[in-house]
Amino acid sequence: MSKKECFQYGGQAVIEGVMMRGPQEMAIAVRLPDGTIEVEKQQLSSWLTKWPWLKWPGFRGVVALLEALVVGTRALAWSASKAMPEEEGELNTKELVLTIAFALGLGILLFVIIPTGAVKLVEKWVTTPLGQNIAEGGLRIAIFLAYIGLISRMKDIQRVFQYHGAEHKVIHTYEAGLELTVENARGFSPLHPRCGTSFLLVVMVVSIFVFAFLGHPPNLLWRIGSRILLMPLVAAISYEFIKLSGRYGDRWWLKWLVAPGLGLQRLTTREPDDSQLEVAIHALKAVLRGEEHAG
């Protein structure tokens, strides 16, 4: 089996469109205000190609997560400039760095500092490290669910969730070996085991067990700092699980393990219409054509 055949294609929803990634490039397809579809293709330069040792388990998950954050932010900025031309243009390098830094800071505040600090208040009643981490992890998941619930009320976000479902349906169609048509894509599920939503849930669950090995923290600052420092390890373990679930998702025991992540995706995906499936198909076809020419 060739490298390209082994590659697991995927992407993300953007503003009025879908971004798809291949081994060497990405393509963003966006529905413009006039109803036409515009496709942008960009070459990808991965650290995994420059430094092969980063492909080892334990490293590749962290690198993939960082690259996905950068590429995803670029794709969102480009799609916004096309779908909403009245808004500001694409982000420059400085704005991109600041946007990513803000996103990381907000994530640390919501999912590290707040749940960790809250559990510190109840440690008199929850005395074991595992118990404290279960409580912390439960609060982290509750914050995540509340956040998704709030933003899902926004009309624009609901459309992004529809494009999220379109992305999954088109990937399912490709992985089933069928022709990439709207008719074929309609019948597939908008849920996919390699989804970023599932990854976030896996991260939250894995963190409970990883942080439990730290024992009783001497103070709150140490507890928060240790969680931030160990996040690369948590991400690496979670990434390997998601890759495993994507490759061997037909095994009964793995289906049971990925079921909670698929259930969570029901909050971040919506059933797309045919026009949205068409956009996702344009994005994936653009990537596949580029890989064929490169080969």
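Predicted, not measured: the structure shown is a model, and the values here were computed from it.

Cut-offs applied
- Residues numbered from 1 in each chain as written.
- Predicted model: local features only at pLDDT ≥ 70, side-chain atom pairs only at ≥ 80, totals over all residues.
- Heavy atoms only, no water.
- Helix = DSSP H or I, 4+ residues; strand = E, 2+ residues; numbered from the N terminus.
- Phe/Tyr/Trp six-rings, centres within 6.5 Å; stacked < 30°, edge-to-face > 60°.
- Buried < 20%, exposed > 50% of the residue type's maximum accessible area, 1.4 Å probe, protein only.
- Contact = heavy atoms within 4.5 Å.
- Polar contact = N/O pair within 3.5 Å; in protein donor to acceptor, adjacent residues only side chain to side chain.
- UniProt positions renumbered as here; feature names shortened; annotations may be inferred.
- Expected span 1.5 Å × (residues − 1).
- Pairing = 2+ DSSP bridges.
- Axes fitted to C-alpha atoms, helices over the stretch in contact; angles between N-to-C directions.
- Core = buried A, V, L, I, M, F, W, Y, C linked by side-chain atoms within 4.5 Å.
- Patch = residues over 30% accessible without salt bridge, like charges linked within 9 Å, V, L, I, M, F, W, Y side chains within 5 Å.
- Areas by Shrake-Rupley, 256 points an atom, 1.4 Å probe, with all protein chains shown as cover.
- Salt bridge = Lys/Arg side-chain N within 4 Å of Asp/Glu carboxyl O.

Student: So what's going on with unusual backbone geometry? Which residues, and what values?
Tutor: For Glu 16, which is not glycine, the phi torsion reads 55 degrees and is therefore positive. Mapped onto the secondary structure, Glu 16 falls in the loop between strand 1 (10–14) and strand 2 (17–21).

Student: Would you mind going over the packing of aromatic side chains in detail, with residue names and values included?
Tutor: Inspection of the entire model under this criterion finds 4 aromatic pairs. On the numbers, 5.3 Å between centres and 80 degrees between planes, the contact of Tyr 9 with Tyr 174 is edge-to-face. In this pair, Tyr 9 sits in the loop between helix 1 (3–6) and strand 1 while Tyr 174 sits in helix 6 (residues 155–175), placing the two residues 165 residues apart along the sequence.

Student: Can you lay out the environment of Thr 268 for me, pointing to particular residues and giving the numbers?
Tutor: Position of Thr 268 relative to the elements: it lies in helix 10 (residues 252–268). Residue classification places Thr 268 among the buried residues on the basis of a relative accessible area of 5%. Put simply, Thr 268 and Val 287 are 19 residues apart on the chain and 24 Å apart in space, counted from C-alpha to C-alpha. Here Thr 268 is in contact with Ile 148, Phe 161, His 164 and Thr 197, once residues within four sequence places are set aside. There is a polar contact of 2.9 Å between the side chain of Thr 268 and the side chain of Thr 197.

Student: I'd like a description of the UniProt feature "transmembrane region" (unreviewed entry) in the protein, backed by residues and values.
Tutor: With numbering aligned to this structure, UniProt lists the feature "transmembrane region" (unreviewed entry) at residues 96–114, 134–152, 195–214 and 220–242. The span residues 96–114 is 100% helical and 0% strand by assignment, and the distance between its end C-alpha atoms comes to 26 Å.

Student: Give a description of helix 6 that names residues and reports values.
Tutor: The terminal C-alpha atoms of helix 6 lie 31 Å apart, and with 21 residues this matches the ideal 30 Å at 1.5 Å per residue to within 8%. A positive backbone phi angle near 80 degrees is found at Gly 177, which sits one or two residues after helix 6.

Student: Requested: an account of the pairing of strand 2, with residues and values cited.
Tutor: Of all 5 residues in strand 2, 4 are buried, a share of seventy percent or more. Note that strand 1 and strand 2 share 5 bridges and pair antiparallel. From the neighbouring strand, Ala 13 faces strand 2, where its bridge partner is Val 18. The antiparallel pairing of strand 1 with strand 2 creates a hairpin that spans 2 residues between the two strands, and Glu 16 there sits at a positive phi of about 55 degrees.

Student: I'd like a rundown of the sheet that holds strand 3 (residues 25–31), residues and numbers included.
Tutor: Spatially, the 4 strands line up as an open sheet ordered 1-2-3-4, and their pairing is antiparallel. What marks the edges here is a single partner per strand, and that holds for strand 1 and strand 4 (37–43). Taking each pair of neighbouring strands and ignoring which way they run, the sheet shows an average axis angle of 15 degrees. Examined bridge by bridge, strand 3 and strand 4 share 7 bridges and lie antiparallel to one another. Looking at strand 4, one finds that Arg 31 is bridged to Ile 37. Of the strands in this sheet, strand 1, strand 2, strand 3 and strand 4 touch helix 3 (residues 60–83), which is tilted by about 30 degrees from strand 3. Strands strand 1, strand 2 and strand 3 of the sheet are contacted by helix 6, whose axis makes an angle of about 160 degrees with strand 1.

Student: Quick rundown of the nonpolar core? Include the residues and the values.
Tutor: Counting 23 residues, the largest nonpolar core has Tyr 9, Val 18, Met 20, Val 170, Leu 180, Leu 277 and Leu 284 as its most contacted members. Of all elements in the fold, only strand 2, strand 3, helix 6, helix 7 (182–186) and helix 11 (274–294) reach the threshold of two or more residues within this core. The element that contributes the greatest number of residues to this core is helix 11, accounting for 9 residues. Membership of the second largest hydrophobic core comes to 11 residues, among which are Val 71, Ala 75, Trp 78 and Ala 83.

Student: Lay out a nonpolar patch on the surface in plain terms, naming residues and giving numbers.
Tutor: Together, Phe 102, Leu 106, Ile 108, Leu 109, Ile 113, Ile 114 and Ile 228 give the surface a local cluster of nonpolar side chains, amounting to about 560 Å² of exposed area. Considering each element in turn, the nonpolar patch owes the most residues, 6 residues, to helix 4 (residues 93–120). Its place among the elements puts Ile 113 in helix 4. Exposure remark for Ile 113: the relative accessible area of 35% places this residue in the partly exposed category.

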